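Secondary and tertiary structure notes
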Amino acid sequence: MRKLRAEQFGLTREVEYGTPEQNEAVKQIVEAVRIEGDEALLRYTEQHDRVKLDAGSLRVTDEEIQSAYKNVDDAFLSAIREAAVNIRKFHEKQLRQSWVDVEPDGTMLGQLLRPLKRVGVYVPGGKAAYPSSVLMNVIPAQVAGVPEIVMVTPPATGGKAGIDPYILVAAAEAGVKEMYRVGGAQAVAALAYGTASIPPVDKICGPGNIYVALAKRAVFGAVDIDSIAGPSEIVVLADDTADAAYIAADLLSQAEHDEMASAILVTTSTKLADAVSVEVARQLATLPRETIARHSIDNHGAVLLADTMAEAIAAINRMAPEHLEIMVAEPMSMLGQIENAGAIFVGPYSSEPVGDYFAGPNHILPTNGTARFSSPVNVDDFVKKSSLIYYSKEALFANGDKIMTLARHEGLEAHARAIEIRLERERG
Ligand SMILES: NC(=O)c1ccc[n+]([C@@H]2O[C@H](COP(=O)([O-])OP(=O)(O)OC[C@H]3O[C@@H](n4cnc5c(N)ncnc54)[C@H](O)[C@@H]3O)[C@@H](O)[C@H]2O)c1
Ligand SMILES: N[C@H](CO)Cc1c[nH]c[nH+]1
Ligand SMILES: [Zn+2]
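What counts and how
Residues numbered from 1 in each chain as written. Chains lettered and ligands numbered in written order. Predicted model: local features only at pLDDT ≥ 70, side-chain atom pairs only at ≥ 80, totals over all residues. Heavy atoms only, no water. UniProt positions renumbered as here; feature names shortened; annotations may be inferred. Helix = DSSP H or I, 4+ residues; strand = E, 2+ residues; numbered from the N terminus. Buried < 20%, exposed > 50% of the residue type's maximum accessible area, 1.4 Å probe, protein only. Contact = heavy atoms within 4.5 Å. Areas by Shrake-Rupley, 256 points an atom, 1.4 Å probe, with all protein chains shown as cover. Lys, Arg positive; Asp, Glu negative; His and termini not counted. Charge placed at Lys NZ, Arg CZ, Asp CG, Glu CD. Domains from an automatic or database assignment. Buried area = accessible area lost by both parts, 1.4 Å probe. Salt bridge = Lys/Arg side-chain N within 4 Å of Asp/Glu carboxyl O. Polar contact = N/O pair within 3.5 Å; in protein donor to acceptor, adjacent residues only side chain to side chain. Nonpolar A, V, L, I, M, F, W, Y, C, P; charged D, E, K, R; others polar. Donors = N, O, S within 2.8 Å, 3.2 Å for Na, K, Ca; no water. Tetrahedral: all angles 85-135°; square planar, octahedral: opposite > 155°, others 65-115°.

By the naming in an unreviewed UniProt entry, the protein chain is Histidinol dehydrogenase, taken from Paenibacillus solisilvae. Checking UniProt for the protein chain, the heading Pathway (unreviewed entry) contains the comment "Amino-acid biosynthesis; L-histidine biosynthesis; L-histidine from 5-phospho-alpha-D-ribose 1-diphosphate: step 9/9." We quote the UniProt Sequence similarities (unreviewed entry) comment for the protein chain here in full: "Belongs to the histidinol dehydrogenase family."

The following block contains the structure:
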């Protein structure tokens, strides 16, 4: 792996997301689907997924779901059910209540929480099937009380014909009733603007490759989106007490997702840096998705050497990684200094896949430095808030003059008069 100096790393912020060609391709797809609807949706599906569909076959049928159950094994079914219990339990803790405060003069001020009505969840399926991402998307929306949850996923998972049965079973287990076989930027555009076959949604959530991430960014405003969860990233912070084989394995766990995935070790130990590089090379050669992982390690992998832990942590906070693993002698003592990270895995046994699949926290996390300002997918993503204002006559009389003063200060006479008319009528 390339060795770089930590103090220099991430000092300039990468603002570009995707190549100009990828941005242009996504712009064209999104615009075409917005204007032409199903026609463009089907055309791009044929072009990018190599699947020829007609509008009538976009929706997944109940029969397909029943037959998918026959193609999944019992060990998967029981593991995913247990994972779903953990994910639900974790997300139920995030649920907030509406509240109203009643003052002695009768004023009532509050915040009313309402679930979004219709949400689209994107489940990636280009290179691999992600049934785990179905649960991570759907369960928080359900906990929030969203009544209509729609899933889209590419029509040929991992290049094989049809949607992977494990995705369909995970969706059925999670309670999804509406599923469409479309992926990429065209699926995101269809969810955002609606087509004759796919009614539009209020929000689109879920991870995906660069085309999906760019399309989500493009439709934001027409609909809401969660964070831009793009190609996976892992940063491991380690000192010379850490196990090089564990670190290499965890770096590769994210490198195998995508050629654009990144895997970075930040350490104060040159001995560990060398040992991890050797281990990465050794383990890489044995992986089934070796080509993808090798590409991401060669192009987006690095070892950052820091003189001090403070320097290492500063580099991590600049990167704001999607996943951060802390493998140092006293890992808990570092927590207070980590400002930016999507998910933090503490100690040698909290390997990243524990969070990807099973522990309960969401694995759909902000990438590309966006953990500086955004959060893992969570229940709040599926809830909107309305403010409640009730002023009694008494309260308006007590405060009306102050409101009029502020309105007239802003030159907004009609605002002031909306108050004044009430005060004058009462005062006669
Ligand atoms: N951040 C997270 O929380 C998280 C979680 C799971 C997965 N991931 C990431 O999700 C991604 C999954 O990617 P994937 O490719 O396997 O599946 P995907 O479903 O995201 O993308 C596949 C789609 O991309 C489109 N596409 C492919 N090549 C194209 C091209 N040249 N032009 C236009 N469109 C094109 C196709 O329409 C296809 O349906 C990975 O990057 C992985 O790291 C992230
Ligand atoms: N690590 C991914 C998020 O970057 C999530 C995932 C799904 N399956 C396996 N991993
Ligand atoms: Zn993963």
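And the narrative resumes.
Side note on the overall build of the protein chain
Counting its secondary structure elements, the protein chain contains 15 helices and 14 strands. Judged by the C-alpha coordinates and their principal axes, the protein chain covers about 90 × 60 × 45 Å. A burial count over the protein chain gives 51% of its 428 residues as buried. For the protein chain, restricting intrachain contacts to residue pairs at least 6 apart in sequence, the fraction spanning at least 24 positions comes to 73%. Here the protein chain has roughly 20,300 Å² of accessible surface; of this, 53% comes from carbon and sulfur atoms. Charge centroids of the protein chain, computed over 41 positive and 58 negative side chains, lie 5 Å from each other.

Section: the domain arrangement of the protein chain
Segmentation of the protein chain into domains returns domain 1 (3–12 + 231–374), domain 2 (37–227) and domain 3 (393–427). The C-alpha centroid of domain 2 is placed 28 Å from the C-alpha centroid of domain 1. Both faces combined, the contact of domain 1 with domain 2 buries some 1,600 Å², and carbon together with sulfur accounts for 61% of it. Scanning the region where domain 1 abuts domain 2 turns up two salt bridges. The interface formed by domain 1 and domain 2 contains six residue pairs in polar contact (both at pLDDT 80 or more). Considering every element that reaches the side of domain 1 that touches domain 2, the biggest residue donor is helix α13 (residues 352–357), with three residues. When its residues are assigned to classes, the side of domain 1 that touches domain 2 shows ten nonpolar, six polar and four charged.

Some remarks on the coordination of the zinc ion (ligand 3)
Every protein donor of the zinc ion (ligand 3) is listed here as H257 (NE2) and D356 (OD), and their distances to the metal cover 2.1 Å. Classification of the site at the zinc ion (ligand 3) rests on its four donor atoms, whose angles at the metal span 84 to 178°, yielding the label irregular. Here the residue H257 occupies a position in the loop between α9 (244–255) and β10 (262–267), and D356 occupies one in helix α13, the gap between them amounting to 99 residues. Judged by its relative accessible area of 19%, H257 falls in the buried class. On the basis of relative accessible area, D356 is assigned to the buried category, the value being 9%.

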